[in-house]
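Below are the chains, spelled out letter by letter.
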Amino acid sequence: MSSGLKHRIFSGIEQLFYPPKCMKCGVYMDTAVQSSASIQACFCDQCLSSGFSLIDKPYCKKCGLKFVQGSSDNHVCQSCLKTPLTLGKVRAAALYQGVLKDAIHLFKYQSCLSVAKVFEDLMFQTYEQHFFKDPIDVIMPVPLHKKKLKDRGFNQAFILIRNFKKKYEQKWGRQPQWQIDTRSLFRIKKTSPQTGFDIDHRKTNLKGAFAVMNEEHIENKHILLIDDVFTTGATCNEAAVQLLQHNASKVDALVLARA
Ligand SMILES: [Zn+2]
Ligand SMILES: [Zn+2]
């Protein structure tokens, strides 16, 4: 018997005794969906019913904040009018809540990479919707400090766009005009977790957190930063400050979830 066949039989038996569990509530699920790399394979129907809240009109033209009430047209929010971000425009795929929030936690803190495929698709759709026509030169995942990278084993922001080039080529039959750059921006300061800090504290916490290497890769470039979660935007904004100081022409951000 071939080892492949043995493996298939074994995993079939294994599934019989250990059907997949919902990653949120732990309930056993129907095995039929398990093999597909989809969000349905990770969460039960009950947990999924809260769904992803995709961000559509109306949202802030600058920071991407979703407006819950008021005018139905996109406009600039109070916060951006008062203290504008250094970032150009920020766009997020979905709201940081419900099952998406749980899925991001599993992805980041329990290295649950099976949800990554769903995130990658969401990110690419959002890229096409908001940045496809923009003359982006460089796509840059927000870097982690090397200690954190070592502990986690991966940079979640990079995972979100690792297949962007392939997706672009498959869909549009040509090469994108941008490059993915994971080497020119560094995180030089270990920052404490941002959760629970107010915006001023977050900003201070991040001051001087980033450094640029290879200025020639930054100079006159329109850069699209990538991150998983955007809350106050302090992280992406501080990275943008650093990139603009090294003569980037413009820095925008694309994130998976917007708080
Ligand atoms: Zn569940
Ligand atoms: Zn705004």
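It should be noted that the structure appears before, not after, this text.
The sections below set out a description of the structure shown in this document. These figures come from a predicted structure and were not determined experimentally.

About the criteria used
Residues numbered from 1 in each chain as written. Chains lettered and ligands numbered in written order. Predicted model: local features only at pLDDT ≥ 70, side-chain atom pairs only at ≥ 80, totals over all residues. Heavy atoms only, no water. Helix = DSSP H or I, 4+ residues; strand = E, 2+ residues; numbered from the N terminus. Buried < 20%, exposed > 50% of the residue type's maximum accessible area, 1.4 Å probe, protein only. Contact = heavy atoms within 4.5 Å. Areas by Shrake-Rupley, 256 points an atom, 1.4 Å probe, with all protein chains shown as cover. Donors = N, O, S within 2.8 Å, 3.2 Å for Na, K, Ca; no water. 1 Å grid on protein atoms, 1.4 Å probe; cavity = no way out; pocket = protein on both sides within 12 Å on 5 of 7 lines; lining within 4 Å. Points joined across faces, edges and corners; volume = space filled by probe spheres on them. Nonpolar A, V, L, I, M, F, W, Y, C, P; charged D, E, K, R; others polar. Phe/Tyr/Trp six-rings, centres within 6.5 Å; stacked < 30°, edge-to-face > 60°. Lys NZ or Arg CZ within 6 Å of the ring centre and 35° of its normal. Expected span 1.5 Å × (residues − 1). Patch = residues over 30% accessible without salt bridge, like charges linked within 9 Å, V, L, I, M, F, W, Y side chains within 5 Å. Salt bridge = Lys/Arg side-chain N within 4 Å of Asp/Glu carboxyl O. Pairing = 2+ DSSP bridges. Axes fitted to C-alpha atoms, helices over the stretch in contact; angles between N-to-C directions.

1. A few points about the overall build of the protein
Looking only at helices and strands, the protein has 10 helices and seven strands in total. The buried share among the 259 residues of the protein stands at 46%. Sequence separation of 24 or more characterises 68% of the internal contacts of the protein that already satisfy a separation of 6 or more. Here the protein has roughly 14,100 Å² of accessible surface; of this, 52% comes from carbon and sulfur atoms.

2. A few points about the coordination of the zinc ion (ligand 2)
At the metal site, the zinc ion (ligand 2) is ligated by Cys60 (SG), Cys63 (SG), Cys77 (SG) and Cys80 (SG), and these contacts range over 2.3 Å. Considered as a linear motif, the donors of the zinc ion (ligand 2) on their single chain read C-x2-C-x13-C-x2-C. Residue Cys63 is located in the loop between α2 (45-48) and α3 (78-82), and its partner Cys77 is located in the loop between α2 and α3; the two are separated by 14 residues in the primary sequence. Note on accessibility: Cys63 and Cys77 belong to one class, buried.

3. A closer look at the layout of surface pockets
One number sums up the size of the second largest pocket: a volume of about 330 Å³. Here the lining of the second largest pocket gets four residues from one element, more than from any other, and that element is helix α10 (residues 234-245). For the lining of the second largest pocket, a count of residues per class yields 10 nonpolar, seven polar and four charged.

4. Concerning the packing of aromatic side chains
Under the defined criterion, the tally for this structure stands at 11 aromatic pairs. Between Tyr127 and Phe132 the ring centres are 6.3 Å apart and the planes differ by 80°, which places this aromatic pair in the edge-to-face class. With respect to burial, Tyr127 and Phe132 carry one shared label: buried. Among the aromatic residues, those joined into a cluster by ring pairs are Phe124, Tyr127, Phe132, Phe164, Tyr168, Trp172 and Trp178. When the ring centre of Phe131 is taken as origin, the NZ or CZ atom of Lys89, which lies over that ring, is 4.8 Å away.

5. What about the side chain of Thr126?
Mapped onto the elements, Thr126 comes out in helix α5 (residues 116-130). Sequence-distant contacts of Thr126, that is, excluding residues within four places in its chain, are made with Ala92, Ala93, Phe131 and Leu254.

6. Quick notes on α5
Here α5 is 15 residues long and its end C-alpha atoms lie 21 Å apart, about the 21 Å a rise of 1.5 Å per residue gives. Here α5 lies mainly inside the structure; 11 of its 15 residues are buried. By the burial criterion, the buried members of α5 are Ala116, Val118, Phe119, Glu120, Leu122, Met123, Phe124, Thr126, Tyr127, Glu128 and His130. Check the buried side of α5 and you find it contacts β1 (90-95), α4 (98-109), α7 (156-161), α8 (164-172), β6 (222-230) and β7 (250-258).

7. Some words on a nonpolar patch on the surface
Nonpolar side chains collect at one region of the surface, where Phe186, Ile188 and Met213 lie side by side and expose about 290 Å² of accessible area between them. Relative to the assigned elements, Phe186 resides in strand β4 (residues 185-187).

8. Details of the pattern of salt bridges
When charged atoms on two side chains of opposite charge get close, those side chains can pair. Overall, the coordinates contain nine salt bridges when judged by the stated rule. Between Asp73 and Lys57 there is a salt bridge, with the nearest N and O atoms lying 3.6 Å from each other. Here Asp73, found in the loop between α2 and α3, pairs with Lys57, found in the loop between α2 and α3; they are 16 residues apart in sequence, far enough to count as distant. You can call Asp73 partly exposed: its relative accessible area is 47%.

9. Details of the sheet that holds strand β3 (residues 179-180)
Pairing between sheet strands relies on hydrogen bonds along the backbone, with the strands arranged either parallel or antiparallel. Sheet architecture is open: five strands sit in the order β1-β7-β6-β2-β3, paired in parallel fashion. Edge positions in the open sheet fall to β1 and β3, since each of these has one partner strand only. Across five bridges, the pairing between β1 and β7 is parallel. Directly across from Arg91, in β7, lies its bridge partner Leu254. α4 contacts β1, β6 and β7 of the sheet and is inclined by roughly 105° relative to β7. Packing of α10 onto the sheet brings it into contact with β2 (138-141), β6 and β7, and relative to β6 it is tilted by some 160°.

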